Amino acid sequence: MSRPAAPRGTRDLFGDEVRLFRRIEERAADCFRLYGYEELRTPVFENVDLFRRAVGDTTDIVEKEMYVFEDRGGRPLALRPEGTAGVVRAYLEHAWDQSAPVKKLFYSGPMFRAERPQAGRYREFRQTGGEFFGNASPEADAETLLLMRDILAAAGLPKGAATFGVNSLGCAECRPAFRDALRAYLEPKKAGLCENCQRRLVVNPLRVLDCKGDGPALADAPVTTDHLCADCRAHHGRVLELLRAAGLPFAPAPRLVRGLDYYTRTVFEVTAPGLGAQDALGAGGRYDGLVKALGGPDTPAVGFAFGVDRVARALEAQNVPVSGPRRVFIAQTGAGTADAAFRLADELRGEGLWEAAPLAVEVGAPGKSLKSQFRAADGWGAAWVLLVGEDELKKQTVILKDLRAGAQREVPLARAAAAVLETIAAEKPS
Ligand code: HAM
């Protein structure tokens, strides 16, 4: 029988990769807290209607990419394709709009989109993101971008490895004028557009700019910033001014319209050149109409999400090192050594709990040959072996072997754990 394989577009994370993911998520959580965010965990699936209303019926995500299913009660559900809709749903469900209208929430977890898989694009991927409710000021937008900058720096991405594109999509006041200008521009080109875009041209022409097929050919299309009302222009100008003053490496991105319908005013995307087609590490923007559209009061909001898989790829491309735990393997050979090895592992693990550098301790199976225990130590990636031998035990000593240097020395059994920790501390972190 053939071996089982993970579904297309999904994968297992292990070894250095999972360490890298954990680091990104943990450093991001530290940064979110620094900026006053609290963690929120929402369900992995929601009522399908939530995404239709929040993300938009004519978006690629809702039209083509959602995993929709019915539960046993016939309720239509969807695996979440993104995090914002669920966070807004929770904000309203817990009536935070009344008890704490200014609220900052962050999340981290898997998202699902049935896209065509390629390097950096998966059907199950992870996002870590934040949503900031109740502050309509340009300062809130600029702060959000600086938080994104800080998360990348905390995760270890070198300065200059990512660039920020910033645009404004206007508001309910000025968007119609842009939509009309865009429709007038697209109408003569209609026959050349894909079937989907021909339909979208009528209902939501902005989506045409975001189409993976048609979008790139429309380089001379009207740009949103030429059609902003006075308030939106002032808001946008102030955001850019704050970003300039903070020294953020950003560039105006007049073609950026985003693939979700809920945005108003500021939108942004962080890219890492050199990652190929999937170079967007994260993105977001302001969405002042969404809370109301989902049944709440008029509430301004701004947020973003990083694709953790993409940030991990960017760190790998920059050869940012990830260190795993220091692995110590306890081998045993001869009569009476199993007890000593067992106790030694317990002692070392107890010490390891208090160590700043993570330690991993494994013990060879009693009764296995020394050769097979060393093979196990090697396969596990041990850097050191503590060998509890029958002769040494009689002298109350053990052998501490450095597998990479091939050196060994005898240490008193009573000091074995301390000797391991001292040896590790003396090493430079890998
Ligand atoms: P998004 O641009 O759809 O925005 O996704 C954000 C990030 O998730 C992307 O920049 C990318 O890094 C990552 N991503 C998206 N799709 C995939 C995929 N198939 N495979 C790997 N990574 C992917 C949102 O989701 C909004 N909810 C962001 C937001 C929050 N806006 C306001 N608040």
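Above this text you will find the structure in question.
Residues numbered from 1 in each chain as written. Predicted model: local features only at pLDDT ≥ 70, side-chain atom pairs only at ≥ 80, totals over all residues. Heavy atoms only, no water.

Chemist: For this particular structure, what's the right way to read the packing of helix α6 (residues 138-155) against helix α10 (residues 230-246)?
Modeler: Describing two packed helices takes the angle between their axes plus the distance from one axis to the other. For the pair α6 and α10, interaxial distance at closest approach is 8 Å and the crossing angle is 40°. Relative to α10, α6 is oriented oblique. Viewed along their axes, α6 and α10 form a crossing whose handedness is right-handed. Of the residues in α10, those in contact with P138, E139, D141, A142, L145, L146 and R149 of α6 are H235, R238, V239, L242, L243 and A246. Considering only residue class, the contact of α6 with α10 consists of eight nonpolar, one polar and four charged. (Axes fitted to C-alpha atoms, helices over the stretch in contact; angles between N-to-C directions. Helix = DSSP H or I, 4+ residues; strand = E, 2+ residues; numbered from the N terminus. Parallel < 35°, antiparallel > 145°, perpendicular 65-115°, else oblique. Left-handed = near helix turned anticlockwise from the far one by under 90°. Contact = heavy atoms within 4.5 Å. Nonpolar A, V, L, I, M, F, W, Y, C, P; charged D, E, K, R; others polar.)

Chemist: What is the right way to read the site of the ligand from this model?
Modeler: In the vicinity of the ligand, 26 residues are found, and the nearest of them are E82, E115, E131, Y263 and A280. Here a nitrogen atom of the ligand sits 2.7 Å away from a polar atom, N or O, in the side chain of E115. Contact between the ligand and G282: an oxygen atom at 3.5 Å from a main-chain N or O atom of the residue. Within the complex, 96% of the 660 Å² of free accessible area of the ligand lies under protein. At the level of elements, β6 (124-133), β10 (280-286) and β11 (301-307) are the ones that each hand at least two residues to the shell around the ligand. When residues in the shell around the ligand are grouped by element, the largest group, five residues, is from β10. For the shell around the ligand, a count of residues per class yields 12 nonpolar, seven polar and seven charged. (Near = heavy atom within 4 Å. Polar contact = N/O pair within 3.5 Å; in protein donor to acceptor, adjacent residues only side chain to side chain. Areas by Shrake-Rupley, 256 points an atom, 1.4 Å probe, with all protein chains shown as cover.)

Chemist: Any chance you could explain a negative patch on the surface here in plain terms?
Modeler: A contiguous patch of negative charge on the surface is contributed by D346, E347, E351 and E355. Within the fold, E351 resides in helix α13 (residues 337-352). Residue classification places E351 among the partly exposed positions, given a relative accessible area of 34%. (Patch = residues over 30% accessible without salt bridge, like charges linked within 9 Å, V, L, I, M, F, W, Y side chains within 5 Å. Salt bridge = Lys/Arg side-chain N within 4 Å of Asp/Glu carboxyl O. Lys, Arg positive; Asp, Glu negative; His and termini not counted. Charge placed at Lys NZ, Arg CZ, Asp CG, Glu CD. Buried < 20%, exposed > 50% of the residue type's maximum accessible area, 1.4 Å probe, protein only.)

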